[in-house]
Amino acid sequence: MSVRLEDSTVLLTGATGGIGRAIAHALHERGARLVVSGRRVDVLDELARELGERVEVVGADLANRPDLERLGERADIDVLVANAGLPAAGRLQTFSARELDRAIDVNVRAPMQLTLALLPHMLERDAGHLIYVSSLAGKVASSGSSVYSATKFALRGFGYALSEELRGSGVGVTTVFPGFIREAGMFHESGTKLPRGVGTRTPADVAKAVVEGIERNRAEIDVAPLSLSSGAKVFGLSPPMMSRITRLLGGERVSEQLESGQRDKR
Ligand SMILES: NC(=O)c1ccc[n+]([C@@H]2O[C@H](COP(=O)([O-])OP(=O)(O)OC[C@H]3O[C@@H](n4cnc5c(N)ncnc54)[C@H](OP(=O)(O)O)[C@@H]3O)[C@@H](O)[C@H]2O)c1
């Protein structure tokens, strides 16, 4: 059974970000009521003004446990879109213990705890959907992404196992795996230049995948050109082979640019 967005209340985390704003617009166009969340309440207020009616703003720092618990107290949420995330780019040794904790708190602990808190209400109603925005870095691990990939692989495992646990209930689960996203968001803002031939997708493409995940109840959706999603499949079969290809294509240079361009977001 899939959820009808026009009758649903959606909690969207990371609504202030490049991808979050696109998801907010797509869900709102489908008639959903939105609870938009992030730390920057001024940006959320602006988004709410842009969208008009059916939008509620809730400021919350997902690394702050009382804020997270307050969000989880919402019994009226039909759909969770766990989109907030930190880029957490760079080699492990460049992280402080605090930065490492924050990456795990925001990227993994928050989606899992929100799910634990919101799921019983969805099950009571026999209807609901859970969306996790992971990354192709949740399928392919490379140098300079040990922390980020750890969090995004975790979301993949969590989402897929949960979709099996909830099979036959009215609650669906979708994990979305964006590749490099242009126009807005953490990759775009980092100013990283990709090697020639490496394709990108847009925030609107990610938003479309979120809507499709909810409406068609698909367990996993890649939002990337075929070359990148095929690379992820090759990594699944042989990580060393894919690592050699990534090195040959200049993957190290991309990692270095991401680390310097995303450091302020740790
Ligand atoms: N852009 C890409 O190329 C790409 C590729 C693959 C996957 N992704 C994933 O897509 C999702 C959205 O990324 P994006 O590109 O839109 O990044 P972004 O523009 O940097 O937005 C990140 C969002 O996460 C929120 N956030 C960060 N720390 C938070 C905290 N402590 N508490 C609450 N919210 C917090 C931010 O809100 P505040 O700053 O207002 O708190 C913001 O809304 C992330 O999960 C990311 O890993 C992105």
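Note on numbering: residues in each chain are counted from 1, in written sequence order. Restriction of local features to residues with pLDDT of at least 70 applies here, the model being predicted, together with a cutoff of 80 or more for giving and counting side-chain atom pairs; totals for whole chains, interfaces and linings are based on all residues. As a rule here, side-chain values cover all heavy atoms of the structure and leave hydrogens and water aside.

**Q** Break down unusual backbone geometry for me, citing the residues and quoting the values.
**A** Its identity as a non-glycine residue notwithstanding, R54 has a phi of 65°, on the positive side. Runs of H or I in DSSP of at least four residues are treated as helices and runs of E of at least two as strands, each being numbered from the N terminus. With respect to the helices, strands and loops of the structure, R54 is situated in the loop between α2 (41-51) and β3 (55-59). Looking at R54, the relative accessible area reads 33%, which means it is partly exposed. Per-residue accessibility, obtained with a 1.4 Å probe over protein chains only, is compared with the maximum for each type, and a residue is labelled buried under 20%, exposed over 50%, and partly exposed between these values.

**Q** Describe the site of the ligand, with residues and values.
**A** What makes a residue near a molecule or strand is one non-hydrogen atom of that residue sitting within 4 Å of it. For the ligand, the set of nearby residues contains 30 residues, the closest of which are T16, R39, N83, Y148 and K265. Each polar contact in these results corresponds to two N or O atoms within 3.5 Å; when the atoms are within protein, one needs to be able to donate a hydrogen and the other to accept it, and residues that are neighboring in sequence are counted only if both atoms are side-chain atoms. Within the backbone of I19, a nitrogen or oxygen atom sits 2.8 Å from an oxygen atom of the ligand. Here an oxygen atom of the ligand and a side-chain polar atom of Y148 are 2.6 Å apart. Areas reported as accessible are Shrake-Rupley estimates using a 1.4 Å probe. Residue values count occlusion only from the protein chains shown. Computed on the free molecule, the ligand has an accessible area of 880 Å², of which 95% lies beneath the protein chains in the complex. Of all elements in the fold, only α1 (18-29), α5 (146-165) and α6 (186-190) reach the threshold of two or more residues within the shell around the ligand. Across the shell around the ligand, the residue classes break down as 14 nonpolar, eleven polar and five charged. Three classes are used: nonpolar for Ala, Val, Leu, Ile, Met, Phe, Trp, Tyr, Cys and Pro, charged for Asp, Glu, Lys and Arg, and polar for all others, with Gly counted as polar.

**Q** Outline the packing of helix α4 (residues 97-125) against α5, supporting the account with residue identities and numerical values.
**A** One way to put it is that α4 packs onto α5 with a least axis distance of 9 Å and a crossing angle of 10°. Relative to α5, the element α4 lies roughly parallel. Taken together, the residues of α5 that come into contact with α4 (itself represented by L100, A103, I104, N107, V108, P111, M112 and T115) are V147, Y148, T151, K152, A154, L155, F158 and L162. Only C-alpha atoms enter the line fits that serve as axes; for helices the fit covers just the stretch in contact. Angles between N-to-C directions range over 0 to 180 degrees. Working definition: roughly parallel below 35 degrees, roughly antiparallel above 145 degrees, roughly perpendicular at 65 to 115 degrees, and oblique for all remaining angles. Contact between two residues is taken to exist if any of their heavy atoms lie within 4.5 Å; hydrogens are not considered.

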